[in-house]
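# Coordinates in review
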Amino acid sequence: MNQIKIGKFIASCRKEKNMTQRQLADILEISDKTISKWECGKGLPEVQFMIPLCNLLGINVNELLSGEKSPANEYQQKAEENMMTLVKENKYVQTYKPLIGWIVSFVLIALFFGFGWNSLGNAQILSKIVIIVVMTFIDVLFTIILKGNTCTG
């Protein structure tokens, strides 16, 4: 999915309806910053907002995910393209998320034993706890990145 193209399309459709980001956000009961993130290509609408957003903008979900209006005779083709893109993105996440988990686990173990298990002092224990917390944060960050950059309001 081309988030920038989709964002520009959302902005264009909103402007065609003579709506501000604030007005659209108020109707969807989200923040105008969320609308801005979508329109800047920094995220996509959450699933629960797609149909209400499409209804307000006078488009369908397929057009939203394509980032362009499509003639009725191209609807099936665009729908299939969007479905294949979603499947590919899902396979990517399923493929690389476990790999990153293993890498982070290996690094944690290596760092833990690298500090010298036999000569643990208070400073070393604290440093190990800090490293574990930092590595856990990195793991969570990678998980978020691989799942996609979505915004909610």
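## Structural notes on the confidence of the model for the protein
Here the protein averages 75 in pLDDT, and 50% of its residues register 70 or above. Looking at the elements of the protein, mean pLDDT is at its lowest for strand β2 (residues 150-151), recorded as 47, and at its highest for helix α2 (residues 21-28), recorded as 95. Here residues 149-153 is a poorly scored stretch, pLDDT under 50, and it has 18 contacts once near neighbours within four places are set aside; other chains count.

## Topic: the side chain of Glu 39
Of note, Glu 39 is situated in helix α3 (residues 32-39). Exposure remark for Glu 39: the relative accessible area of 11% places this residue in the buried category.

## A short note on α2
When α2 is considered as a whole, its buried residues turn out to be Leu 24, Ala 25 and Leu 28. What you see down the axis of α2 is that its buried residues fit within an arc of 100°, all on one side. Turning to α2, the residues buried within the fold contact α1 (3-16), α3 and α4 (47-57). Glu 29 sits one or two positions beyond α2 and adopts a positive phi of about 60°.

## Quick notes on the environment of Leu 28
Within the element layout of this structure, Leu 28 appears in helix α2. Remark: the alpha-carbon pair of Leu 28 and Leu 56, spanning 28 residues in sequence, is separated by 9.2 Å. In this view, Leu 28 contacts Ile 35, Trp 38, Phe 49, Pro 52, Leu 53 and Leu 56; residues no more than four positions away in its chain are not counted.

## Focus on the environment of Leu 65
Structurally, Leu 65 can be placed in helix α5 (residues 61-66). In this structure Leu 65 comes out as buried when scored by relative accessible area, which is 15%. Distance from Leu 65 to Gly 7, taken between C-alpha atoms, is 9.9 Å for residues 58 residues apart in sequence.

## What about the packing of aromatic side chains?
All chains considered together, the criterion is met by 1 aromatic pair. With a centroid separation of 6.2 Å and an interplanar angle of 50°, the aromatic rings of Trp 38 and Phe 49 are classed as tilted. Of this pair, Trp 38 sits in helix α3 while Phe 49 sits in helix α4, and the two are 11 residues apart along the sequence. Assigned by exposure class, Trp 38 and Phe 49 land together as buried.

## A word on the packing of α2 against α4
Running from N to C, α2 and α4 point in directions that differ by 130°, and their axes come no closer than 11 Å. With respect to α4, the axis of α2 lies oblique. The interaxial crossing formed by α2 with α4 has right-handed handedness. The residues of α4 that touch α2, namely those facing Leu 24, Ile 27 and Leu 28, are Phe 49, Pro 52, Leu 53 and Leu 56. In the contact of α2 with α4, the residues fall into 7 nonpolar, no polar and no charged.

Reading the values: the criteria
Residues numbered from 1 in each chain as written. Predicted model: local features only at pLDDT ≥ 70, side-chain atom pairs only at ≥ 80, totals over all residues. Heavy atoms only, no water. pLDDT = per-residue confidence, 0-100. Helix = DSSP H or I, 4+ residues; strand = E, 2+ residues; numbered from the N terminus. Contact = heavy atoms within 4.5 Å. Buried < 20%, exposed > 50% of the residue type's maximum accessible area, 1.4 Å probe, protein only. Arc of directions from axis to C-beta. Phe/Tyr/Trp six-rings, centres within 6.5 Å; stacked < 30°, edge-to-face > 60°. Axes fitted to C-alpha atoms, helices over the stretch in contact; angles between N-to-C directions. Parallel < 35°, antiparallel > 145°, perpendicular 65-115°, else oblique. Left-handed = near helix turned anticlockwise from the far one by under 90°. Nonpolar A, V, L, I, M, F, W, Y, C, P; charged D, E, K, R; others polar.

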